[in-house]
Amino acid sequence: MHTEKLDAGCPKDIARAGEILRNGGLVGIPTETVYGLAANALDGKAVSKIFAAKGRPADNPLIVHISEFSQIYPLVETVPPVAERLAERFWPGPFTMILPKSAIIPDEVSAGLPTVAIRFPSHPAAQAVIDAAGVPLAAPSANTSGKPSPTLAEHVIADMAGKIDAVLDGGPCNVGVESTVITLASNPPRLLRPGGITPEELQSVLGEIKIDPAVLNPLEEGEKASSPGMKYKHYSPKANVILVDGDFDQYCDYVNTHKEEGVMALCYDGEEASLEVSALSYGGEKDYQQQARELFDALRELDERNAKVVYARCPKPEGVGLAVYNRLIRAAGFEVIQLG
Ligand code: TXA
Ligand code: MG
């Protein structure tokens, strides 16, 4: 299949993306978090093509994207007042709510669950494509399953060229990690995946928010995942990534005494010069937003540079850093060296 390259700044290309989606095709689209692989959410056949293109396990449900709050009503059973308050505060934006689904949501979208995840993205091109398609769009991240999520159109092309109808290039994604996911199908609401909206921000609206244990810890053998996406190895480059938890001096000592062939460092900005192996940085030590923006591109670049073992600075799990920690610890398969 030929994959068309479209430009998010060009109204004709937005219309073309909408046409492809209305006709049951797949388009890689920019959002403020990561690129999504979109299909008409109301067309089970179109949605099943997403699973084939990504190699995604069939039991992992998708997020449905809307371009106006009122579009949520036909998709869910009811909209509780708490959902309205959350939407008022965090939509449009990097925030996803799970609610009991209505009958028009195909089983392919919800992967057989009685619930559906809904997000109203803030990226103007994402909104314009949803409008042009005239239907809500189901869209997981536009990477091959298991790989780091795409934050540039080039990442989508690297994974999906020849497998999808088009990619709409909207430049780099501003947030860089996927949306915060909470479920309102349980009481109290539970954070399933940290993202651009922090637990503190959620608390300011909800009062109380439970953090699902799978956010920070691996699932126990045989344990059922609240969010099926959390049970799979994720975000992982080919290299063996290992988190190193300690201060900068301890990290340097560790890396500089482990400089075997193929070892690379994933450090904070400005630390490269002290390291005796090739190093890539993923933002400033205190700048969690920049870390989020740069992490996935850095993980892809480690592969391009043929890293075999990557010693990564362990991010601080606070604020948006919680999302960075959650992604990187999965990339590392929960392998952490404690030096502190
Ligand atoms: O920022 C984002 O959320 C991006 C952009 C494209 O919008 N999308 C994204 O989708 O990250 P995906 O499919 O890569 O991640 C969706 C996560 C998965 O972990 C999935 O298991 C979970 O949300 N999820 C979706 N529907 C669910 C449901 N009904 N119940 C529990 N978890 C659900
Ligand atoms: Mg994903």
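Here the structure is shown first, and the text comes after it.
(A) Molecular detail of the overall build of the protein chain. On a plain count of helices and strands, the protein chain comes out with 10 helices and 16 strands. By the compact-globule yardstick of 20 Å for 340 residues, the protein chain fits well, its C-alpha radius of gyration being 20 Å. Overall size of the protein chain, expressed as C-alpha extent along the three principal axes, is 60 × 45 × 35 Å. Counting all 340 residues of the protein chain, 57% fall into the buried class. Accessible area of the protein chain: about 13,900 Å², with a carbon and sulfur share of 49%.

(B) Inspection of helix 1 (residues 11–22) at higher detail. Counted at 1.5 Å a residue, the expected span for helix 1 with its 12 residues is 16 Å, and the 17 Å between its end C-alpha atoms agrees. Residues of helix 1 that are buried include every one of Asp13, Ile14, Ala17, Gly18, Ile20 and Leu21, and no others. One side of helix 1 carries all its buried residues, which in axial view fall inside an arc of 160 degrees. Exposed side chains of helix 1 directed beyond 90 degrees from the buried face belong to Pro11 and Lys12.

(C) Layout of the packing of helix 9 (residues 288–304) against helix 10 (residues 321–331). Where helix 9 meets helix 10, the closest approach of the two axes is 8 Å, and the angle between their N-to-C directions is 25 degrees. Classified by the interaxial angle, the pair formed by helix 9 and helix 10 is roughly parallel. Seen from above, helix 9 lies across helix 10 with left-handed handedness. Residues Tyr288, Gln291, Ala292, Leu295, Phe296 and Leu299 of helix 9 form the contact with helix 10, whose participating residues are Gly321, Val324, Arg327, Leu328 and Ala331. Across the contact of helix 9 with helix 10, the residue classes break down as eight nonpolar, two polar and one charged.

(D) Focus on the environment of Pro228. Relative to the elements of secondary structure, Pro228 occurs in the loop between strand 11 (210–211) and strand 12 (240–245). Relative accessible area serves as the criterion here: at 12%, Pro228 is assigned to the buried category. For Pro228 and Asp249, which are 21 residues apart along the polypeptide, the C-alpha to C-alpha distance reads 38 Å. For Pro228, the contacting residues outside a window of four places in its chain are Asp59, Asn60, Pro61 and Leu113.

(E) A look at the environment of Ala332. The topology assignment puts Ala332 in the loop between helix 10 and strand 16 (336–338). Along the chain, Ala332 and Leu75 lie 257 residues apart, while their C-alpha atoms are 36 Å from each other. When near neighbours in sequence (up to four residues on either side) are disregarded, Ala332 contacts Val241, Ile242 and Leu243.

(F) Inspection of the sheet that holds strand 4 (residues 63–65) at higher detail. In space, the 11 strands of this open sheet follow the order 1-8-2-3-7-4-6-5-9-10-11, with mixed pairing throughout. Strand pairing shows two members of the sheet lacking a second neighbour, strand 1 (4–7) and strand 11, which therefore form its edges. Sheet topology places strand 5 (residues 95–100) next to strand 9 (residues 180–183); four bridges connect them, and they run parallel. Paired with Thr96 across the two strands is Val181, which belongs to strand 9. Sitting on the sheet, helix 3 (residues 81–90) is in contact with strand 5 and strand 9, with an inclination near 165 degrees to strand 5.

(G) Structural view of unusual backbone geometry. Geometrically, the link from Trp91 to Pro92 is a cis peptide bond, its omega value of -10 degrees lying close to zero. In the Ramachandran plot, Asn306 falls in the positive-phi region, its phi being about 60 degrees despite a non-glycine side chain. On the secondary structure map, Asn306 appears in the loop between helix 9 and strand 15 (309–313).

(H) Broad picture of the pairing of strand 3 (residues 36–40). With five of its five residues buried, strand 3 lies for the most part within the structure. With three bridges connecting them, strand 2 (residues 27–29) and strand 3 associate as antiparallel partners. Residue pairing across strands places Val27 opposite Ala38, the latter belonging to strand 3. Between the end of strand 2 and the start of strand 3, which pair antiparallel, lie six residues. Relative to strand 7 (residues 137–138), strand 3 runs antiparallel, the two being bridged by two bridges. Of the residues in strand 7, the one forming a bridge with Asn40 is Leu137.

(I) Up close: the site of ligand 1. If you check the shell around ligand 1, you find 24 residues, and the closest are Thr33, Asn60, His65, Ser179 and Gly229. In this structure, Thr33 approaches ligand 1 through a side-chain N or O atom, which is 2.7 Å from an oxygen atom. A distance of 2.6 Å separates an oxygen atom of ligand 1 from a polar atom in the side chain of Ser179. Here ligand 1 loses 96% of its free accessible area of 680 Å² to cover by the protein chains. Contributing elements (two or more residues each) for the shell around ligand 1: strand 4 and strand 6 (115–119). Broken down by element, the shell around ligand 1 gets its largest block of residues, three residues, from strand 6. Partitioned by chemical class, the residues of the shell around ligand 1 number 10 nonpolar, 10 polar and four charged.

The rules behind these values
- Residues numbered from 1 in each chain as written.
- Chains lettered and ligands numbered in written order.
- Predicted model: local features only at pLDDT ≥ 70, side-chain atom pairs only at ≥ 80, totals over all residues.
- Heavy atoms only, no water.
- Helix = DSSP H or I, 4+ residues; strand = E, 2+ residues; numbered from the N terminus.
- Rg over C-alpha atoms; globule rule 2.2 N^0.38 Å.
- Buried < 20%, exposed > 50% of the residue type's maximum accessible area, 1.4 Å probe, protein only.
- Areas by Shrake-Rupley, 256 points an atom, 1.4 Å probe, with all protein chains shown as cover.
- Expected span 1.5 Å × (residues − 1).
- Arc of directions from axis to C-beta.
- Axes fitted to C-alpha atoms, helices over the stretch in contact; angles between N-to-C directions.
- Parallel < 35°, antiparallel > 145°, perpendicular 65-115°, else oblique.
- Left-handed = near helix turned anticlockwise from the far one by under 90°.
- Contact = heavy atoms within 4.5 Å.
- Nonpolar A, V, L, I, M, F, W, Y, C, P; charged D, E, K, R; others polar.
- Pairing = 2+ DSSP bridges.
- Near = heavy atom within 4 Å.
- Polar contact = N/O pair within 3.5 Å; in protein donor to acceptor, adjacent residues only side chain to side chain.

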